[in-house]
Amino acid sequence: QVQLVESGGGLVQAGGSLRLSCAASGRTFSTYAMGWFRQAPGKERDFVAAVSGSGAYAYYADSVKGRFTISRDNAKNTVFLQVNSLKPEDTGVYYCAARGTSGLRLREYEYDYWGQGTQVTVSS
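Keep in mind it's a predicted model, so treat the numbers as computed, not measured. (Residues numbered from 1 in each chain as written. Predicted model: local features only at pLDDT ≥ 70, side-chain atom pairs only at ≥ 80, totals over all residues. Heavy atoms only, no water.)

*Asks:* Looking at this model, I keep getting lost on the nonpolar core. Mind explaining?
*Replies:* Nonpolar side chains in soluble globular proteins generally cluster together in the buried interior. Core analysis: the largest hydrophobic core is formed by 33 residues, its most contacted members being Met34, Trp36, Val79 and Leu81. When contributions to this core are tallied by element, the ones reaching two or more residues are β3 (18-24), β4 (33-39), β5 (45-51), β7 (68-73), β8 (78-83), β9 (92-99) and β11 (118-123). No other element matches the five residues that β5 contributes to this core. (Core = buried A, V, L, I, M, F, W, Y, C linked by side-chain atoms within 4.5 Å. Buried < 20%, exposed > 50% of the residue type's maximum accessible area, 1.4 Å probe, protein only. Helix = DSSP H or I, 4+ residues; strand = E, 2+ residues; numbered from the N terminus.)

*Asks:* What is the right way to look at the pattern of salt bridges in this model?
*Replies:* Pairing between side chains of opposite charge can happen when their charged atoms approach one another. In the structure shown here, the tally under the stated rule is six salt bridges. Between Asp62 and Lys65 there is a salt bridge; the shortest N-O distance is 3.0 Å. Judged by its relative accessible area of 63%, Asp62 is exposed. A relative accessible area of 44% means that Lys65 is categorised as partly exposed. Salt bridges sharing partners connect three or more residues here, namely Arg38, Arg67 and Asp90. (Salt bridge = Lys/Arg side-chain N within 4 Å of Asp/Glu carboxyl O.)

*Asks:* How should I be thinking about the packing of aromatic side chains in this particular structure?
*Replies:* By the definition in use, this model includes five aromatic pairs. Here Phe37 and Tyr111 contribute two aromatic rings whose centre-to-centre distance is 5.3 Å and whose plane-to-plane angle is 80°, an arrangement assigned as edge-to-face. Of this pair, Phe37 sits in strand β4 while Tyr111 is found in the loop between β9 and β10 (113-114), placing the two residues 74 residues apart along the sequence. There is no split in this pair, since Phe37 and Tyr111 are both buried. Geometrically, the ring pair formed by Phe47 and Tyr59 is tilted, given 6.2 Å between the ring centres and 35° between the ring planes. On the criterion of sequence distance, the pair formed by Phe47 in strand β5 and Tyr59 in strand β6 (residues 58-60) is long-range, its members being 12 residues apart. Chaining the aromatic ring pairs together yields one cluster made of Phe37, Phe47, Tyr59, Tyr111 and Trp114. Its guanidinium or amino end placed over the ring of Trp114, Arg45 lies 4.1 Å from that ring's centre, counting from NZ or CZ. (Phe/Tyr/Trp six-rings, centres within 6.5 Å; stacked < 30°, edge-to-face > 60°. Lys NZ or Arg CZ within 6 Å of the ring centre and 35° of its normal.)

What follows is the structure, given as structure tokens:
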């Protein structure tokens, strides 16, 4: 079992930035591919970004490319999502997810563990 706890969400104005964090339990964090997903009110949960176990490879949804950056610190069992140039449409609950393999995963059903989410609200 892996437990994930997100933090760092909040209310920001359009154009602002946040740094989301996801702290993971366990001793084998570097073996897990990690992902971030988000869910806006009334919409499905969508893929945002993913990073391989080593942190060497990352992939982003088209809607966030150039604005968001995913990274990880395996020594601290933490994955980050730096969100810049925020838009109102970025509003939603951001979820951290883990998969028990090191290769990148892009789809919700490919992840095994999920955090409780952290709310990001972007005002216009």
